[in-house]
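Observations on the three-dimensional arrangement
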Amino acid sequence: MSSRQASLPSLSLENVAVIRGNRLVLRDLTVTARAGDIIWIRGANGCGKSTLLRLVAGLLTVTSGAVKAEGRIALADESLALDANVTVEHALQFWADMDGASASERNAALADMDLQGLAKIPVRFLSTGQRKRASIARVLASKADIWLLDEPYNGLDSASCARLDQAITSRASSSAACMASEMPSPSRAGSARGSPTREVYFDNVKISDDRRLGEVGSGFSLAMKTLDHTRITIAAQ
């Protein structure tokens, strides 16, 4: 049995602080998550959502504290990371080859994000929403154990949002973990963000049962959703 088969994905941030450009972006942040967890990061622009995701992805380093991740990680953020001069299917196959995924897995990702009709189109001709769907398809095809999605619903129509909801919940239910950021949006209730078996909302420094946490970044809010009995801790001092 391979190490990937033997161990389930997990993520741990312990007392993390990050300074960027002489500004304290995150401080005293502790998060633990395991397979089956879906974590939503909510807050205003500039509060540190993208910083947290890039930190977990290994693209940034902590100023203090520790980040530990078990499992393969895939990130979809504002960087498309697809060759603009080749077709959508070829751009995705490049990453599928890097990730050890098959052409059938790539095709499944195209279908999941309704991109089959655009497979032969060069990436540079895609609209904003289509580019977002292609970026998400790259993550889907990777079969990564931990998905990091930075405001993945931006630019998507309602049908594409529903497809993404299904992809996230399906992947989490198959022993993966997902961390995604988004701006607060009450109109999105009832999607994957509103249908887990357990959820805990953090609104700035106040937890839902009125126990107080410390300050997390600036205007930062986290919501945990789990599809099984996995427990998650999000805290700050």
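A few points on the structure. (Residues numbered from 1 in each chain as written. Predicted model: local features only at pLDDT ≥ 70, side-chain atom pairs only at ≥ 80, totals over all residues. Heavy atoms only, no water.)

1. Description of the overall build of the protein
The condition is simple: Where helices and strands are cited, they refer to DSSP runs of H or I of at least four residues and of E of at least two residues respectively, numbered from the N terminus. Buried residues are those whose accessible area, probed at 1.4 Å on protein chains only, stays under 20% of the maximum for their type, while exposed residues exceed 50% and partly exposed ones sit between those limits. We call two residues in contact when some of their heavy atoms are within 4.5 Å. Note on areas: these come from Shrake-Rupley sampling with a 1.4 Å probe, and a residue is covered only by the protein chains present in the view.
Counting secondary structure elements, the protein contains six helices and eleven strands. The buried share among the 237 residues of the protein stands at 49%. Considering only contacts within the protein whose residues lie at least 6 apart along the sequence, 70% involve residues at least 24 apart. Carbon and sulfur atoms form 49% of the exposed surface of the protein, whose accessible area is close to 11,300 Å².

2. Focus: the side chain of Glu89
Tracing the backbone through its elements, the reader meets Glu89 in helix α3 (residues 88–99). Apart from residues no more than four positions distant in its own chain, Glu89 is found in contact with Arg106, Leu110, Ala119 and Lys120.

3. What about the packing of α3 against helix α4 (residues 103–112)?
Filter applied, for reference: Axis definition: a line fitted to C-alpha atoms, over the contacting stretch in the case of helices. Angles run 0 to 180 degrees between N-to-C directions. Should an angle lie under 35 degrees it is considered roughly parallel, over 145 roughly antiparallel, and from 65 to 115 roughly perpendicular; all remaining angles are considered oblique. We call a crossing left-handed when the near helix sits turned anticlockwise from the far one by less than a right angle, and right-handed when that turn is clockwise. Residue polarity is assigned by list, with Asp, Glu, Lys and Arg as charged and Ala, Val, Leu, Ile, Met, Phe, Trp, Tyr, Cys and Pro as nonpolar; anything else, Gly included, falls into the polar class.
Packing of α3 against α4 leaves a shortest axis separation of 10 Å and a crossing angle of 125°. Between α3 and α4, the crossing angle belongs to the class labelled oblique. In this structure, α3 meets α4 at a crossing whose hand is right-handed. For the pair α3 and α4, the contacting residues are Val88, Glu89, Leu92, Gln93 and Ala96 in the first and Ala103, Arg106 and Leu110 in the second. Grouping the amino acids of the contact of α3 with α4 by side-chain chemistry returns five nonpolar, one polar and two charged.

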